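Commentary on secondary and tertiary structure
Chain by chain, the residues:
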Amino acid sequence: MKKTTMGTGGLLTMSTVPFYINNSKVNLSEEIIGHGDFKYRVEVGWGDLDPKKYPVNNCHEMVMDKKGRLIMLTDHAKNNVLIYDKSGGLLHSWTLNLPGAHGLTIHEEGGAEFLYITDPSLGRVIKTNLDGRVLLEIASPTKIGAYDVHAPFKPTETAIGPNGNIYVADGYGSQYILQYDPKRNFIRKFGGDGFLSPEKFKQAHGVVVDYRDPSNPTLLCTARIKNSFKRFSLEGDYIEDYYMPGLFVSRPVIDGENVYSGVCFGMEDGNFNMHANKGFVTILDKDNKVISNPGGTEPVYKNGKLKLMFQEKPIFKHCHDVCIDNDKNLYVCQWNAGGVYPYKLHRV
């Protein structure tokens, strides 16, 4: 059979076959994507809603709470947050009327969970409860002396350290990672804008605390235009870089021993510029080696160096985030994809 899905402006037709999961029939793609132990069937229509009631401009990021609810951030001011169950049913929605809601982080504090939301269009970093009540806001670095008064501040992501310190990625602004204490006092900034120095960024799009070595947590940060993730200490000291040729990656998402990321833009063979509508998903192992590219070409290492990777199947346009559930299925949010809702990738 053919499955046709339309959001507010996106149209995609895929060959699908019916499957029964937990006694519910879903239409999954006939084709399996991915590599090695990380292969998937795509459910394009998983998150579809009535676009007149629940419009999305861009599905920016998604997190899962302790109850298994999938919380998605959009930049449509009518509904900044859509909350799904794992079958794609809508549970709740709310808004902060943010026109550029972009980054979404969930963090547990004292047994309760909270959201940290960034809006680069307004230069805002906000903490809320799960029902959308604003609890605090971090002041712009231009207002506290951390930046020159005219420096751009367009925050794209946050991460919360083991001691409650808040890290803010200024990915569309001045390219710093800014560190604040739990009371929102500025501590330091590191990174900054630059191509040649390894500790510098070009589009510091994401930041996450990497606990995979529990004795030595570090920061894993996105340098999208440099096709890499960069590792820093919690004090902002540069450690190392993971270069992924051809991949203009979004934020790193850590689940177990793996790192996942949406590839928002890609390259074309023979043309190494950033190309639109070339997205897919990439997955790294515990040693930070790329092991699977659902929707992309198979990762190949030659003499220890990773070869260029490209979109192989035009399933996605611009993958902006990946969320992983308890069954290791993936939920993919897209930017600039015609208003489509998230796709679910069922692990096989």
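Here, every reference points to the structure presented above.
Keep in mind the model is a prediction, meaning the values are calculated, not measured. (Residues numbered from 1 in each chain as written. Predicted model: local features only at pLDDT ≥ 70, side-chain atom pairs only at ≥ 80, totals over all residues. Heavy atoms only, no water.)

1. Notes on the sheet that holds strand β30 (residues 319-324)
The following threshold applies: At least two bridges found by DSSP between two strands is the condition for calling them paired. Strands here mean DSSP runs of E at least two residues long; helices mean DSSP runs of H or I at least four residues long; both are numbered from the N terminus. For helices, the fitted axis covers only the stretch in contact; all axes are lines through C-alpha atoms, and the angles between them, taken along N-to-C directions, range from 0 to 180 degrees.
An order of β4-β5-β32-β31-β30 is seen for the five strands of this open sheet, with the pairing classed as antiparallel. Since the sheet does not close on itself, it has two edges, and those belong to β4 (32-35) and β30, each with one partner. Neighbour-to-neighbour, the strand axes of this sheet turn through a mean angle of 30°, independent of strand direction. Pairing analysis gives five bridges linking β30 to strand β31 (residues 330-334), with the strands arranged antiparallel.

2. So, the sheet that holds strand β9 (residues 90-94)
Working definition: the strands of a sheet are paired by backbone hydrogen bonds and lie parallel or antiparallel to each other. One open sheet accounts for four strands, arranged β6-β7-β8-β9; its pairing is antiparallel. What marks the edges here is a single partner per strand, and that holds for β6 (59-64) and β9. Strand after strand, the sheet turns through a mean of 20° between neighbouring axes, direction not considered. In this structure, strand β7 (residues 70-74) lies alongside strand β8 (residues 81-84), joined through four bridges in antiparallel fashion. Residue pairing in the sheet places Met72 in a bridge with Leu82 of β8.

3. A closer look at the layout of surface pockets
Empty space left among the atoms is revealed by rolling a probe the size of a water molecule over them. In plain terms, the rule: Residues are said to line a cavity or pocket when one of their atoms sits within 4 Å of a point; the points come from a 1 Å grid over protein atoms alone, cavities being sets where a 1.4 Å probe fits but cannot get out and pockets being open sets with protein on both sides within 12 Å along at least five of seven lines. Grid points are joined across faces, edges and corners, and a volume is the space filled by probe spheres set on the points. Classes in brief: Ala, Val, Leu, Ile, Met, Phe, Trp, Tyr, Cys and Pro nonpolar; Asp, Glu, Lys and Arg charged; the others, Gly included, polar.
Of the volumes computed, that of the largest pocket is approximately 740 Å³. Lining the largest pocket are 27 residues; nearest its centre among them are Val63, Thr105, Ile106, Val208 and Ile254. Mapped by element, the contributors of at least two residues to the lining of the largest pocket are β6, β10 (103-109), β14 (157-160), β18 (207-210), β23 (253-255) and β30. Top element by residues in the lining of the largest pocket is β10. It accounts for five residues. Here the residues of the lining of the largest pocket sort into 17 nonpolar, three polar and seven charged.

Spatial relationships are all this shows, so hold off on functional conclusions.
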